[in-house]
Amino acid sequence: MAKFCHMIPKIPSSGSSLSMEKHKEEPVNFGRSLIVPSVQELAKQSITKIPPRYVQHHHHPASDDAPTASMPVIDLHCLFAEPCGSLAYSFELNKLHTASKEWGFFQVINHGISESLLEDFKREIMNFFKLPMEEKLKLWQEEDNHEGFGQLFVVSEEQKLDWSDMFYITTLPHNLRKSQLFQKLPIILREKLEAYSMEMKRLAVAILGQMAKALGMDTEEMSELFQDGVQSVRMNYYPPCPQPEVALGFSPHSDADALTILYQLNETAGLQIRKDGKWVTIKPRADALIVNIGDILEIVSNGVYKSVEHRAIVNSNNERMSVATFYSPNMGTELGPARSLVAEHHVAHFRRVPIDEYFKEFFARKLDGKSYLDFMKLE
Ligand SMILES: O=C(O)CCC(=O)C(=O)O
Ligand SMILES: [Fe+2]
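Starting from 1, residues in each chain are numbered consecutively following that chain's sequence as written. Chains and ligands are labelled sequentially in the order written, the chains with letters from A and the ligands with numbers from 1. Totals for whole chains, interfaces and linings use all residues, but because this is a predicted model, local features are given only for residues with pLDDT of at least 70 and pairs of side-chain atoms are given and counted only at 80 or more. Based on all heavy atoms of the structure, the side-chain values leave hydrogens and waters out of the count.

*Asks:* If you had to explain the overall build of the chain to someone new, which residues and values would you point to?
*Replies:* In this text, helices come from DSSP runs of H or I with a minimum length of four residues, and strands from runs of E with a minimum of two, each type numbered from the N-terminal end. Each helix and strand in the chain was counted, giving twelve helices and 15 strands. Each residue gets one of three labels from its accessible area relative to the maximum for its type: buried under 20%, exposed over 50%, partly exposed in between, using a 1.4 Å probe on protein chains only. In the chain, buried positions account for 57% of the 379 residues. The long-range share in the chain, meaning contacts at least 24 apart out of those at least 6 apart in sequence, stands at 79%. In short, Shrake-Rupley with a 1.4 Å probe defines the accessible areas, and a residue's cover is counted only from the protein chains shown. For the chain, the accessible surface area stands at approximately 16900 Å², while carbon and sulfur atoms represent 53% of it. Whether two residues are in contact is decided by their heavy atoms: any pair within 4.5 Å suffices.

Have a look at this one:
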């Protein structure tokens, strides 16, 4: 297992009263990943075969040939604006509940995020990945911390690599931010990221509130867990690949957070989810964001909602870009099945651990499907 930096700060929860004691600024470090070369740079060379480290040994159909699926679509206007208990509200809440149990993924429309913000953020991310390498190197991951450009979860020199570059940054709460990294971002990107981050928090908290209702969970318990949650943003860039049938843009995994909101920046398909044992391609829908249940919500919901394995495939002609925003409970909370749910059903299916320990362990592992959640399960 990779060596780990034990530098997670103890954060007072936002509800706690200000103590007279001055809190020292402590470095924030959720994990590290071995430094790997830029795939975007590699793809610029006219190669016909990819280096062995990117050959994942399983053949899979290119995005055009894989079966496609229409993921459930949730109209958030019905959940946020219709009166609770009205027919339209109950219908949509039920759809949300079923999608969260059976798909672990759904699309949301009428999400209220302004089109201009989405367009501006998209343009800035596209420009960001076009920066010259010497500029990107200033924002590259460092040996002891995985925030910045690079890949995540690389724990050994032998490990296969994904056909993608990414940029990862912790955005909330403010005291967990790596301010040096923020300050190095192009100024307009930083502004848009700031606005997008606030909108994503608002949206995630609102969806979680509806989920609490659908689950029959105490809504106060849900909002307390997430009022000052940890948010991180991962921008993904998948270059065209000369051998798409043997490479993967993103290895199979489930997300470790509670709720992920995925914004696909262009129309190239690539996201696949494992549905009934088969990989199915999700066609991006321009007016929708994709939401998926992460492992933490599977734990909080005591297994009622499911985090589902997904991956990204690549293709030989088109680049693809996406941005995933991960939302997790407040630092300092204990992660485990919601007390209001367990009280009713009496059996907890998952262990209880401090949230910082959960993340430390997660980032020290190679991504391997849903194996990390198995580690949290109680038999
Ligand atoms: O690019 C995609 O469609 C998937 C990204 C993803 O799964 C992630 O960032 O966790
Ligand atoms: Fe993911």
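*Asks:* Can you explain the pattern of salt bridges? Please cite residues and give values.
*Replies:* We define a salt bridge as a contact between a side-chain nitrogen of Lys or Arg and a carboxyl oxygen of Asp or Glu at a distance within 4 Å. The tally for this structure, following the rule as stated, stands at 15 salt bridges. The salt bridge partner of R339 is E334, with a shortest N-O separation of 3.3 Å. With relative accessibility at 40%, the residue E334 sits in the partly exposed group. With a closest N to O distance of 3.0 Å, R352 and E334 form a salt bridge. With R352 in the loop between α10 (339–345) and β15 (353–354) and E334 in strand β14 (residues 334–335), the pair connects residues that are 18 residues apart, well separated along the chain.

*Asks:* Describe the coordination of the iron ion (ligand 2), with residues and values.
*Replies:* Sites may look incomplete, because water is not among the atoms used; the donor set itself consists of N, O and S atoms within 2.8 Å of the metal (3.2 Å for Na, K and Ca). Looking at the iron ion (ligand 2), one finds its protein donor set to be H253 (NE2), D255 (OD) and H310 (NE2), positioned 2.1 to 2.2 Å from the metal centre. Here the donor residues of the iron ion (ligand 2) share one chain and are spaced in sequence as H-x1-D-x54-H. With D255 in the loop between β7 (250–253) and β8 (259–264) and H310 in strand β12 (residues 310–312), this pair connects stretches of sequence that are 55 residues apart. Accessibility assignment for this pair places D255 and H310 in one class, buried.

*Asks:* Break down the sheet that holds strand β9 (residues 271–275) for me, citing the residues and quoting the values.
*Replies:* Two strands pair under a simple rule: DSSP has to find at least two bridges between them. Ordered by their spatial adjacency, five strands build an open sheet running β1-β10-β9-β12-β7, and the pairing between neighbours is mixed. The two strands at the open ends of the sheet, each matched to only one other strand, are β1 (68–69) and β7.

*Asks:* Go over empty space enclosed by the protein with me, naming the residues and quoting the values.
*Replies:* Both site types are read off a 1 Å grid over the protein atoms alone. A 1.4 Å probe that fits but cannot get out defines a cavity, while an open set with protein on both sides within 12 Å along at least five of seven lines defines a pocket; lining residues have an atom within 4 Å of a point. Grid points are joined across faces, edges and corners, and a volume is the space filled by probe spheres set on the points. Applying the stated criterion to the full structure yields two cavities of 30 Å³ or more. Empty space within the largest cavity amounts to approximately 390 Å³. Lining the largest cavity are 33 residues, and of these R234, H253, D255, A324 and F326 lie nearest its centre. Among the secondary structure elements, those contributing two or more residues to the lining of the largest cavity are β5 (165–172), β6 (229–238), β7, β8, β12, β13 (320–330) and α11 (355–363). The dominant element in the lining of the largest cavity, judged by the number of residues it contributes, is β6, at six residues. When residue character is reported, Ala, Val, Leu, Ile, Met, Phe, Trp, Tyr, Cys and Pro are called nonpolar, Asp, Glu, Lys and Arg charged, and the others, Gly included, polar. A breakdown of the residues in the lining of the largest cavity according to their chemical character gives 17 nonpolar, eleven polar and five charged. F153, S254, D295, F362, R365, K366, L367, D368, G369, S371 and Y372 together form the lining of the second largest cavity.

Keep in mind these numbers describe shape, not what the thing actually does.
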